[in-house]
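Topology and contacts: notes
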Amino acid sequence: CDVESWSDVVQISADNRVSLGVTKDGNVLVAGKSNEIDLSQLAAWSDIKAVAVCAESYGGIVGVKNDGTVVTIRKAVHGIRPFRLQDGIIWKESI
């Protein structure tokens, strides 16, 4: 993945197809592609402290906001629809 132009990155996570970075101002950078997840949804994420990308077989991305809220995006598995950002804000003060 092409991450050479990234700057001000404070945390990263990657699998074999996607690299994610969290900048010091809480935005999420994305490099690579996924056939399973709509990565464009990450542009709406803000105030992020940390991200984790699951292996392609699990097909999910989890973010933790500075206030402790957890946000998720995941692929549909066996008929389960993907989470969207508004659906994915599911836990508060979990960490």
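Residues numbered from 1 in each chain as written. Predicted model: local features only at pLDDT ≥ 70, side-chain atom pairs only at ≥ 80, totals over all residues. Heavy atoms only, no water.

Structural notes on the nonpolar core
Spelled out, the test is: Residues belong to one nonpolar core when they are buried, are Ala, Val, Leu, Ile, Met, Phe, Trp, Tyr or Cys, and are joined through side-chain atoms within 4.5 Å. Here the term buried applies to any residue with accessible area under 20% of the maximum for its type, exposed to any over 50%, and partly exposed to those in between, with areas from a 1.4 Å probe on protein chains only. Strands here mean DSSP runs of E at least two residues long; helices mean DSSP runs of H or I at least four residues long; both are numbered from the N terminus. Should any heavy atoms of two residues lie within 4.5 Å, those residues are counted as being in contact.
Judged by nonpolar contacts, the single largest core of 14 residues is most densely connected at L20, V28, L42, W45, I48, V51 and I61. Contributing elements (two or more residues each) for this core: β2 (18-23), β4 (48-53) and β6 (70-74). Setting aside chain neighbours within four positions, we find L42 in contact with L20, V28, V30, I61 and I73.

What about the side chain of S13?
Heads up, the condition is: A 3.5 Å cut-off defines polar contacts: any pair of N or O atoms within that distance qualifies, except that in protein one atom must be a possible hydrogen donor and the other a possible acceptor, and neighbouring residues in sequence count only when both atoms are side-chain atoms.
With respect to the secondary-structure elements, S13 resides in strand β1 (residues 9-14). Looking at S13, its side chain comes within polar contact range of the main-chain nitrogen of V53, at 3.0 Å. Ignoring sequence-local partners within four residues, the contact set of S13 consists of V18, S19, L20, V51, A52 and V53.

Let's talk about the sheet that holds β4
Keep this limit in mind: Two strands are said to pair when DSSP picks up at least two bridges between them. Between N-to-C directions, angles cover 0 to 180 degrees, with each direction set by a line fitted to C-alpha atoms, over the stretch in contact for helices.
Pairing in this open sheet of three strands is antiparallel, and the strands run β4-β5-β6 from one edge to the other. Each having just a single partner strand, β4 and β6 make up the two edges of the open sheet. Strand-to-strand twist in this sheet, taken as the mean axis angle between neighbours without regard to direction, amounts to 15°.

Some thoughts on unusual backbone geometry
Backbone geometry places D8, a non-glycine residue, at a positive phi of 60°. On the basis of relative accessible area, D8 is assigned to the partly exposed category, the value being 46%. Within the chain, D47 stands out as a residue other than glycine whose phi angle is a positive 60°. As for its position among the elements, D47 is in the loop between β3 (28-32) and β4.

Some details on the confidence of the model for the protein chain
Here is the rule: A score from 0 to 100, pLDDT tells how confident the predictor is in each residue.
For the protein chain, mean pLDDT is 78; residues scoring 70 or higher make up 73% of the total. Contacts of residues 78-95 to residues separated by more than four positions or lying in other chains number 37 contacts, the stretch itself having pLDDT below 50.

Brief notes about the sheet that holds β3
The three strands are arranged β1-β2-β3 in an open sheet whose pairing can be described as antiparallel. In the strand order of this sheet, the two ends are held by β1 and β3, each with one partner. Strand-to-strand twist in this sheet, taken as the mean axis angle between neighbours without regard to direction, amounts to 20°. In this sheet, β2 lies alongside β1 in antiparallel orientation, the contact comprising five bridges. Looking across to β2, one finds that A14 is bridged to S19.

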